[in-house]
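Spelled out from the first residue to the last, the chains are:
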Amino acid sequence: MNTVHASGDPHRAPLREGRRVRKEHALREQIYAAAWSLFDAGSYEAVTMDSIASAADVARGTLYKHFATKEAFIQERFYRDAVERRESSLAHCRRRRSTAARLRELLRLDGEYAECMRVYVGPYLQHRLATVGSNKAAVERTVFEEIVRGLLEQGCMDGEIRTYPSIAALTEHFVFLRIGTLMRWLGSGDVSIAPYFEQMLDLFLHGVARMEGTAHE
């Protein structure tokens, strides 16, 4: 004989758990939408976590449970946009014939996005660097790293990319070169990031050793 415990039908537990997860997800989306409505309506700097909690109609504790910092909203936006753009970015890159051309195309697309979101790139970098070595950083980097790693692996199979250091290490170098390049661009005040990404790609592909045939200083 099956015993029904005071807690109720055990088969209903997954249903209750599913409802709880959906409610948490809906609440997170409510907070996220409220924050971005405030960012879009005014200055990012002027928006506070208290004003976000008020706009979302949640307690401060609930807000911090889902988004620990204001910069976390920027990280979430960049991540979501990267996911949305992933297939299109891959399609653009795959049309190019060489590894260098594919990486250049990826950086062109990334640069266009950075220029459109320039006001948020600083907070993004702040959050990004604050989470280096954590699971949050790993999740945020997934899309960009995934594309870069795939392009480098293809380059290795095509004989264009060396196998040492490992593809994983090369991918990590590329990712952090990108972060440094974004920082240089922000500090410069220049409108276009394209020349900075071009310098970065040249450094990644050719290093700093003097090229044969170049003039001595």
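Residues numbered from 1 in each chain as written. Predicted model: local features only at pLDDT ≥ 70, side-chain atom pairs only at ≥ 80, totals over all residues. Heavy atoms only, no water.

S.K.: Can you break down empty space enclosed by the protein residue by residue, with the values?
M.R.: Here the structure, examined in full by the defined rule, presents one cavity of 30 Å³ or more. Taken as a whole, the largest cavity holds about 310 Å³ of empty space. Lining the largest cavity are 23 residues, with Ala82, Arg85, Asp110, Phe144 and Arg178 sitting closest to its centre. At the level of elements, helix 4 (71-94), helix 5 (99-116), helix 6 (118-130), helix 7 (135-157) and helix 8 (167-188) are the ones that each hand at least two residues to the lining of the largest cavity. Of the residues in the lining of the largest cavity, the class split is 14 nonpolar, one polar and eight charged. (1 Å grid on protein atoms, 1.4 Å probe; cavity = no way out; pocket = protein on both sides within 12 Å on 5 of 7 lines; lining within 4 Å. Points joined across faces, edges and corners; volume = space filled by probe spheres on them. Helix = DSSP H or I, 4+ residues; strand = E, 2+ residues; numbered from the N terminus. Nonpolar A, V, L, I, M, F, W, Y, C, P; charged D, E, K, R; others polar.)

S.K.: An account of the confidence of the model for the protein chain is requested, with residue identities and associated values reported.
M.R.: With 85% of its residues at a pLDDT of 70 or more, the protein chain has an overall mean of 88. Counted against residues more than four places away or in other chains, residues 1-7, with its pLDDT under 50, gives one contact. (pLDDT = per-residue confidence, 0-100. Contact = heavy atoms within 4.5 Å.)

S.K.: Residues and numbers for unusual backbone geometry, please.
M.R.: The linkage connecting Tyr164 with the following residue, Pro165, adopts the cis geometry, with an omega of 0°. With respect to the element layout, Pro165 can be found in the loop between helix 7 and helix 8. Phi is positive for Asp57, close to 60°, though the residue is something other than glycine. Within the element layout of this structure, Asp57 appears in the loop between helix 2 (49-56) and helix 3 (60-66).

S.K.: Describe the environment of Leu186, naming the residues involved and giving the relevant values.
M.R.: Residue position: Leu186 is located in helix 8. Separated by 65 residues in sequence, Leu186 and Val121 place their C-alpha atoms 8.0 Å apart. For Leu186, the contacting residues outside a window of four places in its chain are Arg118, Val121, Gly122 and Leu125.

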